[in-house]
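Architecture and fold: a report
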Amino acid sequence: MKSDPLFLEHLRLDLKQSTLSVRPPLSRLNTWKLGGTALALLNAECEADICSTIEKCHLNGVPWRVIGKGSNLLMPEFWPGILIRLGKKFRKFEIVDQDFSATFGAGMADATAALKLSHKGWSGLEFLIGIPGTIGGAICMNAGAHGSQTCDFLHSVDWIDEQGNWRRSNREELYFAYRSSPFSTSKKRVVLMAKFSLCSRSPEEIRKKMAKFHTFRIEKQPQKLPNCGSVFRNPPNGIAAELIEASGLKGKTFGCMQISKVHSNFMVNLGGATSDDALRLIEFVKDKIWIDHKIELNTEVHTLT
């Protein structure tokens, strides 16, 4: 790889609308408030800048990764690559009355999308009100809650492939499973926009449903301490939180990272926690659940590596 200053300067000079931040503090880019710094952060405002950045990273052997709100991401103390965060252009939306469809930019917050649809009286994505991520992230991990998941209402996705080519795929061309998709973080793909097919409901009915989901979140999930949502996927025929609690791990800490006393599948930063604290606690839980229940837990949260 070329020296960092030279590589970053060439990257910056080729940008058309976006900006490049050198050595961004990672703790500001994830909801766990963990991590040190990365090589740089691209605040992307156009597709051309994303494609040129990916191409230069590839040619120079520099890793890259798209992030949303960092609500499902464990950041390291240092990451030697370029993080790409979608800017304002990718937070646009369009609602088409004729076919009850809505198109959202991948950078739009999940809760914002749910609220915009509720005002219109369109139902389907109410469950997003309680997911602290973006539309792009919801597609990548096939986010779900309260019996619904993102792919249930997906019509099509606009995305950039590994070679930097723009593509559009209809739902039937894409394979989704529980908390996984063709755009998962292990793939070098960038979700740009998604179209959803919805149905008409009473705005009042939708608001009541969303209020119920919001109340559930406040009562059942930790709110005051930094966390990343559910840490582990539910295993087949099981619930991760119940297994963790059955093993007596609620409140267990490593350093300043704690298994929440409110919800056992949440880990909270008590203040001053490190990425290593989180990794140690995750591995401890996985080992303990295997010993006690002979069940292997897989993480829902992704580690930036």
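For the structure given in this document, a descriptive report is provided here. In this text, all values refer to a predicted model and were calculated from it rather than measured experimentally. (Residues numbered from 1 in each chain as written. Predicted model: local features only at pLDDT ≥ 70, side-chain atom pairs only at ≥ 80, totals over all residues. Heavy atoms only, no water.)

1. Some details on helix α5 (residues 203-220)
Put simply, the rule reads: Secondary structure follows DSSP: runs of H or I at least 4 residues long count as helices, runs of E at least 2 residues long count as strands, and numbering of each begins at the N terminus. Every helix has an expected span of 1.5 Å times one less than the residues it contains. Here a residue-residue contact requires only that any non-hydrogen atoms of the pair lie within 4.5 Å.
Compared with the 26 Å implied by 1.5 Å per residue over 18 residues, the 26 Å span of α5 between its first and last C-alpha is a close match. The inward-facing, buried residues of α5 contact α3 (110-120) and β8 (122-123).

2. Things to note about the side chain of Ser169
One can find Ser169 in strand β12 (residues 166-170). Other than its neighbours up to four places away in sequence, Ser169 contacts His155, Ser156, Val157, Trp159 and Leu174.

3. As for the nonpolar core
Worth spelling out the cut-off: Nonpolar cores were defined as sets of buried Ala, Val, Leu, Ile, Met, Phe, Trp, Tyr and Cys residues, with membership established by side-chain atoms within 4.5 Å. Using a 1.4 Å probe on the protein chains alone, a residue whose accessible area is under 20% of its type maximum counts as buried, one over 50% counts as exposed, and one in between counts as partly exposed.
If you look at the biggest cluster of nonpolar residues, it comprises 55 residues, and the most contacted ones within it are Ile50, Ile82, Ile135, Ile139 and Phe196. For this core, the element with the highest residue contribution is strand β13 (residues 190-197), accounting for 5 residues. Not counting the four nearest positions on each side in its chain, Phe196 is found in contact with Phe100, Ser101, Ala102, Phe104, Leu125, Ile135, Ile139, Thr150, Phe153, Leu154 and His155. Formed by 22 residues, the second largest nonpolar core is a distinct cluster that contains Trp32, Phe232, Leu249 and Met257.

4. Section: the pattern of salt bridges
Defined as follows: Criterion for a salt bridge: a side-chain nitrogen of Lys or Arg within 4 Å of a carboxyl oxygen of Asp or Glu.
In total, this model carries 11 salt bridges according to the counting rule given. One salt bridge in this structure joins Lys195 and Asp99, with 3.7 Å as the shortest N-O distance. Remark: Asp99 occurs in the loop between β6 (93-96) and β7 (101-105) and Lys195 occurs in strand β13; sequence separation between them is 96 residues. Classification of Lys195 by relative accessible area gives partly exposed; the value is 22%.

5. Concerning the sheet that holds strand β15 (residues 253-254)
Defined as follows: For two strands to pair, DSSP has to find at least two bridges joining them. To get an axis, fit a line to the C-alpha atoms, keeping to the stretch in contact for a helix; angles then go from 0 to 180 degrees between the N-to-C directions.
In spatial order, the strands read β15-β16-β17; together these 3 strands make up an open sheet with antiparallel pairing. Across the chains shown, the open sheet's two edge strands, defined by having one partner strand only, are β15 and β17 (267-269). When β15 meets strand β16 (residues 257-259), the two strands line up antiparallel, connected through 2 bridges. What sits directly across from Thr253, in β16, is Gln258. Its contacts with the sheet place helix α7 (residues 275-293) against β15, β16 and β17, and it is angled at close to 30° to β16.

6. A word on the pairing of strand β2 (residues 37-44)
Of all 8 residues that make up β2, 7 are buried, and the element is covered over most of its length. Both β2 and strand β5 (residues 78-86) contribute to a ladder of 7 bridges, which runs parallel. Following the sheet pairing, Leu42 is matched in β5 by Ile84.

7. A closer look at the packing of aromatic side chains
What counts here: Geometry of aromatic contacts follows a simple scheme: Phe, Tyr and Trp rings, the Trp one being its six-membered ring, pair when their centres are within 6.5 Å, and the pair is stacked under 30 degrees between planes, edge-to-face over 60, tilted otherwise. Whether a charge sits over a ring depends on NZ of Lys or CZ of Arg being within 6 Å of the ring centre and within 35 degrees of the ring normal.
Tallying each qualifying case throughout the model produces 5 aromatic pairs. With 6.4 Å between their ring centres and 55° between their planes, Phe104 and Phe196 make a pair best called tilted. Taken together, the residues Phe104 in strand β7 and Phe196 in strand β13 connect sequence positions 92 residues apart. Linked through ring pairs, Phe93, Phe104 and Phe196 together constitute an aromatic cluster. For the cation-ring pair, Lys188 lies above Trp64, with the distance from its terminal atom to the ring centre recorded as 4.9 Å. Across the ring face of Phe284, the terminal group of Lys252 is positioned such that the distance to the ring centre comes to 5.0 Å.

8. Some remarks on the sheet that holds β5
The 4 strands are arranged β1-β2-β5-β3 in an open sheet whose pairing can be described as mixed. Every interior strand has two partners, whereas the edge strands, β1 (19-22) and β3 (64-67), have only one. Between one strand axis and the next, the sheet turns by 25° as a mean value, whatever way the strands run. Across the face of the sheet, helix α1 (residues 4-13) comes into contact with β1, β2 and β5 while running at roughly 160° to β1. The strands touched by helix α2 (residues 47-60) are β2, β3 and β5; relative to β5, the strand with the most contacts, the crossing angle is about 160°.

9. With respect to the environment of Gly272
The topology assignment puts Gly272 in the loop between β17 and α7. Each C-alpha atom, one on Gly272 and one on Cys256, is 6.2 Å from the other, the two residues being 16 residues apart in sequence.

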